[in-house]
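Structural description and commentary
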Amino acid sequence: MTDLLPLVHEAQADFAQAVTPADLENAKARYLGKAGRITDQLKGLAALPIDEKKARGALINEAKQQIEAALNARRDALALTELLAQLKSESLDVSLPGRRRGNGVGLHPISRARERIEAIFTSMGFDVADGPEIETDWYSFTALNNPENHPARSMQDTFYVDVKDEHGAWLNLRPHTSPMQVRYAKAHALKYAGQAAMPDIRVIVPGRTYRVDNDATHSPMFHQVEGLWIGENVSFKDLKVMYLGFIRAFFETDDVKLRFRPSYFPFTEPSAEIDIMFESGPLQGKWLEVSGSGQVHPQVVRNMGLDAERYIGFAFGSGIDRLAMLRYGVTDLRLFFEGDLRFLAQFT
Ligand code: PHE
């Protein structure tokens, strides 16, 4: 086979140079194809005398097998290279940090304000309650002594839900937290029914409220905190002392004054808006409205299931968003609800 050895080496070198499967197939054709050099050798056998044919044929076959082995080895090598390249291009680098769900930047400023309010009123002996945001006409309006033609009932102010209650009245998205006055007081009255004395009702109800309204100081969804204190001897004086204590604690200053400005609500009589004025700081000297309030109307006390001759008290409904705006110096209410992290991150 000595004369065939250079041919085998040539083929091996040729295959080794093939970089792509196509290169390799072309190289293969040069040796093993129809006009390839091994094929030529085999064709040459025909001219040999019979006794040389066998030995020569065996040599050629041996060379052919070596060339085929080189071809297969190179094929495998190229396939492996290709596989590795593909794996590399599609691979996941598990050492890279993954895409994580962002950590919250902190409590929303409205939640922070609500938590402050809850902490302050809890320290003054108030319970904290929660109520339904989808209300019945009775709790939102009728129980609160709203006349049938009161504007709060109208479609311009209140969002209605396309579902009716058992009396055929549309459900509403509560336009204030006041419905909870009656819900909470009724449950409290029921709990102590038949007993000689009932502990005072003292509760705040923070929560979401809804009105058809949208500008820099009004959002269709906003937050109120209702307050209710009912007992046998609760007066406006208690409201004043309690509310001043709350405002001082909330804003962490004693340099603040309260003013009760006569107003009207169907469910309180007399009624007042509560304004506050800071005597120092950036808001100094301006009266700012923060709450509605009043002595609970006897009809509402009766709707709570209580004796209006015996029980008396006050209620207030303050804007949590308004309080948060004043505390954090925010001038556009809508910023609270746009979910912009650049804004929200400033409160942490
Ligand atoms: N519910 C009234 C409002 O939303 C506020 C209020 C509450 C007034 C309790 C008096 C008593 O404007």
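Criteria and thresholds
Residues numbered from 1 in each chain as written. Predicted model: local features only at pLDDT ≥ 70, side-chain atom pairs only at ≥ 80, totals over all residues. Heavy atoms only, no water. Near = heavy atom within 4 Å. Polar contact = N/O pair within 3.5 Å; in protein donor to acceptor, adjacent residues only side chain to side chain. 1 Å grid on protein atoms, 1.4 Å probe; cavity = no way out; pocket = protein on both sides within 12 Å on 5 of 7 lines; lining within 4 Å. Sits in = over half its atoms within 2 Å of the grid points. Helix = DSSP H or I, 4+ residues; strand = E, 2+ residues; numbered from the N terminus. Nonpolar A, V, L, I, M, F, W, Y, C, P; charged D, E, K, R; others polar. Phe/Tyr/Trp six-rings, centres within 6.5 Å; stacked < 30°, edge-to-face > 60°. Buried < 20%, exposed > 50% of the residue type's maximum accessible area, 1.4 Å probe, protein only. Lys NZ or Arg CZ within 6 Å of the ring centre and 35° of its normal. Contact = heavy atoms within 4.5 Å. Pairing = 2+ DSSP bridges. Axes fitted to C-alpha atoms, helices over the stretch in contact; angles between N-to-C directions.

Observations regarding the site of the ligand
- Of all residues adjacent to the ligand, which total 14 residues, the nearest are His-176, Ser-178, Arg-211, Gln-224 and Gly-317.
- One of the side-chain nitrogen or oxygen atoms of Arg-211 is found 2.8 Å away from an oxygen atom of the ligand.
- The separation between an oxygen atom of the ligand and a polar side-chain atom of Gln-224 is 2.9 Å.
- For the ligand, the cavity whose grid points lie within 2 Å of the majority of its atoms is the largest pocket.
- Of all elements in the fold, only strand S6 (221–231), strand S9 (288–296) and strand S10 (312–319) reach the threshold of two or more residues within the shell around the ligand.
- Ranked by residue count, the leading element in the shell around the ligand is S10, at 3 residues.
- Here the shell around the ligand is composed, by residue class, of 4 nonpolar, 8 polar and 2 charged.

Brief notes about the packing of aromatic side chains
- Using the criterion set out here, one finds 18 aromatic pairs in the structure.
- Here Phe-15 and Tyr-31 contribute two aromatic rings whose centre-to-centre distance is 5.9 Å and whose plane-to-plane angle is 85°, an arrangement assigned as edge-to-face. With Phe-15 in helix H1 (residues 5–17) and Tyr-31 in helix H2 (residues 21–32), the pair connects residues that are 16 residues apart, well separated along the chain.
- Look at Tyr-31 and you get buried, because its relative accessible area is 2%.
- Taken together through their ring pairs, the aromatic side chains of Phe-121, Phe-126, Trp-229, Tyr-243, Phe-246, Phe-250, Phe-251, Phe-278, Phe-314 and Phe-316 make up a single cluster.
- A cation over a ring is seen here: Arg-202 above Trp-229, with NZ or CZ 4.4 Å from the ring centre.

Thoughts on the side chain of Thr-177
- Its location among the elements puts Thr-177 in the loop between strand S4 (170–173) and helix H7 (179–191).
- In terms of polar contacts, Thr-177 uses its side chain to reach the side chain of Glu-226, at 2.7 Å.
- Apart from the residues lying within four places of it in its own chain, the contact partners of Thr-177 are Val-205, Gly-207, Thr-209, Gln-224, Val-225 and Glu-226.

Regarding the pairing of S9
- Here S9 lies mainly inside the structure; 7 of its 9 residues are buried.
- The pairing of strand S8 (residues 268–278) with S9 spans 7 bridges and is antiparallel. Pairing of Ala-272 across the sheet is with Ser-293, part of S9.
- Inspection of the sheet shows S9 paired to S10 by 5 bridges, in the antiparallel sense. Residue pairing across strands places Ser-293 opposite Phe-316, the latter belonging to S10.

Focus on the sheet that holds strand S1 (residues 127–128)
- The 7 strands lie next to each other as S1-S5-S6-S10-S9-S8-S7, forming an open sheet whose pairing is mixed. Single-partner strands in this sheet number two, and they are S1 and strand S7 (256–265).
- Of the pairings in the sheet, the one linking S1 to strand S5 (residues 201–210) comprises 2 bridges and is parallel in character. Counterpart to Asp-127 in the pairing with S5 is Val-203.
- Seen against the sheet, H7 touches S1, S5, S6, S9 and S10 and runs at an angle of roughly 145° to S5.
- Packing against the sheet, helix H8 (residues 236–251) makes contact with S6, S7, S8, S9 and S10, and its axis sits at approximately 130° to S7.

Details of the sheet that holds strand S3 (residues 160–164)
- Spatial strand order, S2-S4-S3: 3 strands in an open sheet with antiparallel pairing. A strand with exactly one partner marks an edge of an open sheet, and here the two such strands are strand S2 (134–135) and S3.
- In this structure, S2 lies alongside S4, joined through 2 bridges in antiparallel fashion. Residue pairing across strands places Ile-134 opposite Leu-173, the latter belonging to S4.

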